[in-house]
Amino acid sequence: MTEPVTTCIIAEDEALLRQALVERLAQAWPELHILAECEDGASALEAMAEHRPDVAFLDIRMPGLTGLEVATAAAEVSPRTQIVFVTAYDQYAIDAFERGAVDYLLKPITAERLSATVQRLQARSGNNDAATLATLLQRLAPVARAVDAPPPLTWITASAGRETRLILVEDVAYFRADNKYTTVMTAEGEALLRTPIKELLTMLDPDTFKQIHRSTIVNLRAIAGVVRDDSGRGTVRLKTRPETLAVSAPFMTLFRHM
């Protein structure tokens, strides 16, 4: 009888570290089937919802959604997935992991530490303690963002036709990807920002701006309401704009308390 295949996704925004983890996993766990390699939190969450893997290796600090936010949402979209956080955290956070139901890998990842993690994952085989995971995520939330990160954007310079506009970030209703650029939508109209949306994610205040779709970032303060349809997807109504915004099903978990 054929043994069931263990499936996995990897989310790490640094390409070299992501590739190194893939190579080490191939040695430590040859039977593991990697379904997706993700470079940011949004694509990781979408991969979790699509594949519902047995295991997910999540870098804690990623553009947009952090690994903690992905894990929180994954508790609903893929509850059986075992989480392994990849971290460069200090001892405070490591102590929290030691009391948790998930495992962690400290950068730089060693073969010995990865081997121990693989053994624990194989032994648990999908037996998750959701309550303990939720407690762990709450403990780690205050240190999820890099303390040495630059302050979030306050102003942006964007083009509206031949005019260059200086826009206060808090006045932006939402950002939408436009090829290599980003469309900025305010109550007054639209403008074009010469910054890709993935790069923009790293510059915005994560408590105010949330990605709700691969191509859309919304200002939470600009939201008038959110409606969920029967398929699990959502629609955002805005306070200052007439159009509505589509919310991918995995991202609806961000609005469960609204």
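Residues numbered from 1 in each chain as written. Predicted model: local features only at pLDDT ≥ 70, side-chain atom pairs only at ≥ 80, totals over all residues. Heavy atoms only, no water.

Trainee: Sorry, what's going on with the UniProt feature "modified residue: 4-aspartylphosphate" (unreviewed entry) in the protein here?
Mentor: This chain's UniProt record puts "modified residue: 4-aspartylphosphate" (unreviewed entry) on D59. In this fold, D59 is placed in strand 3 (residues 55–59). (UniProt positions renumbered as here; feature names shortened; annotations may be inferred. Helix = DSSP H or I, 4+ residues; strand = E, 2+ residues; numbered from the N terminus.)

Trainee: Where do I start with the sheet that holds strand 14 (residues 234–238) in this structure?
Mentor: Taken in spatial order, the 3 strands of this open sheet run 13-14-15, and their pairing is antiparallel. Edge positions in the sheet fall to strand 13 (223–228) and strand 15 (244–247), since each has one partner strand and no second. Direction aside, the axes of adjacent strands within the sheet are offset by 25 degrees on average. Summarising the sheet, strand 13 and strand 14 pair through 5 bridges and their orientation is antiparallel. (Pairing = 2+ DSSP bridges. Axes fitted to C-alpha atoms, helices over the stretch in contact; angles between N-to-C directions.)

Trainee: Got a minute to help me understand the packing of helix 1 (residues 15–28) against helix 5 (residues 111–124) in this structure?
Mentor: Angle between the axes and distance between the axes are the two parameters that describe a pair of packed helices. Packing of helix 1 against helix 5 brings their axes to within 10 Å, and their N-to-C directions diverge by 60 degrees. Our classification of the angle between helix 1 and helix 5 gives oblique. At the point where helix 1 passes helix 5, the crossing takes the right-handed sense. Contacts between helix 1 and helix 5 involve L21, R24, L25 and A28 from the first element and A111, L114 and V118 from the second. Its residues placed into classes, the contact of helix 1 with helix 5 shows 6 nonpolar, no polar and 1 charged. (Parallel < 35°, antiparallel > 145°, perpendicular 65-115°, else oblique. Left-handed = near helix turned anticlockwise from the far one by under 90°. Contact = heavy atoms within 4.5 Å. Nonpolar A, V, L, I, M, F, W, Y, C, P; charged D, E, K, R; others polar.)

Trainee: Help me out: how do you make sense of the nonpolar core in this one?
Mentor: As a rule of thumb, nonpolar side chains are buried together in soluble globular proteins. Membership of the largest hydrophobic core comes to 40 residues, with the highest contact counts inside it found for M48, L58, I83, F85 and V236. Counting residues per element, this core draws most heavily on helix 3 (residues 67–77), at 6 residues. Looking at which domains feed residues into this core, each of domain 1 (7–146) and domain 2 (155–255) supplies at least three. Within the second largest apolar cluster, 16 residues are counted, among which are C8, V22, W29 and L32. (Core = buried A, V, L, I, M, F, W, Y, C linked by side-chain atoms within 4.5 Å. Buried < 20%, exposed > 50% of the residue type's maximum accessible area, 1.4 Å probe, protein only. Domains from an automatic or database assignment.)

Trainee: Would you mind going over the side chain of D59 with me for this structure?
Mentor: Classification of D59 as buried rests on a relative accessible area of 4%. Within the structure, the side chain of D59 is placed 3.2 Å from the side chain of K107, a separation counted as a polar contact. If near-sequence neighbours (up to four positions away) are discounted, D59 is found in contact with A11, E12, D13, G67, V86 and K107. (Polar contact = N/O pair within 3.5 Å; in protein donor to acceptor, adjacent residues only side chain to side chain.)

Trainee: Just checking my understanding: could you explain the packing of helix 2 (residues 41–51) against helix 3 for this structure?
Mentor: At a minimum axis separation of 10 Å, helix 2 and helix 3 run at an interaxial angle of 15 degrees. Considering their axes alone, helix 2 and helix 3 lie roughly parallel with respect to each other. For the element pair helix 2 and helix 3, the recorded crossing hand is right-handed. Touching G41, A44, L45, M48 and A49 of helix 2 are V70, A73, A74 and V77, all from helix 3. Classifying every residue of the contact of helix 2 with helix 3 gives 8 nonpolar, 1 polar and no charged.

Trainee: Can you help me understand the sheet that holds strand 2 (residues 33–38) in this one?
Mentor: As a general point, the strands of a sheet are linked pairwise by backbone hydrogen bonds and lie either parallel or antiparallel. Strands sit in the order 2-1-3-4-5 across an open sheet of 5 strands; the sheet is parallel. Sheet topology places strand 2 and strand 5 (103–106) at the edges, where each strand pairs with a single neighbour. Recorded for the sheet is a direction-independent mean angle of 20 degrees between the axes of neighbouring strands. Across 5 bridges, strand 1 (residues 7–11) lies against strand 2 in parallel orientation. Note on strand 2: the bridge partner recorded for T7 is H33.

Trainee: Looking at this structure, how should I read the pattern of salt bridges?
Mentor: A side chain of one charge can pair with a side chain of the opposite charge when the charged atoms of the two come close. All chains considered together, the criterion is met by 9 salt bridges. Between K107 and E12 there is a salt bridge, with its nearest N and O atoms 3.2 Å apart. With K107 in the loop between strand 5 and helix 5 and E12 in the loop between strand 1 and helix 1, this residue pair connects regions lying 95 residues apart in the sequence. For E12, a relative accessible area of 4% translates into the label buried. (Salt bridge = Lys/Arg side-chain N within 4 Å of Asp/Glu carboxyl O.)

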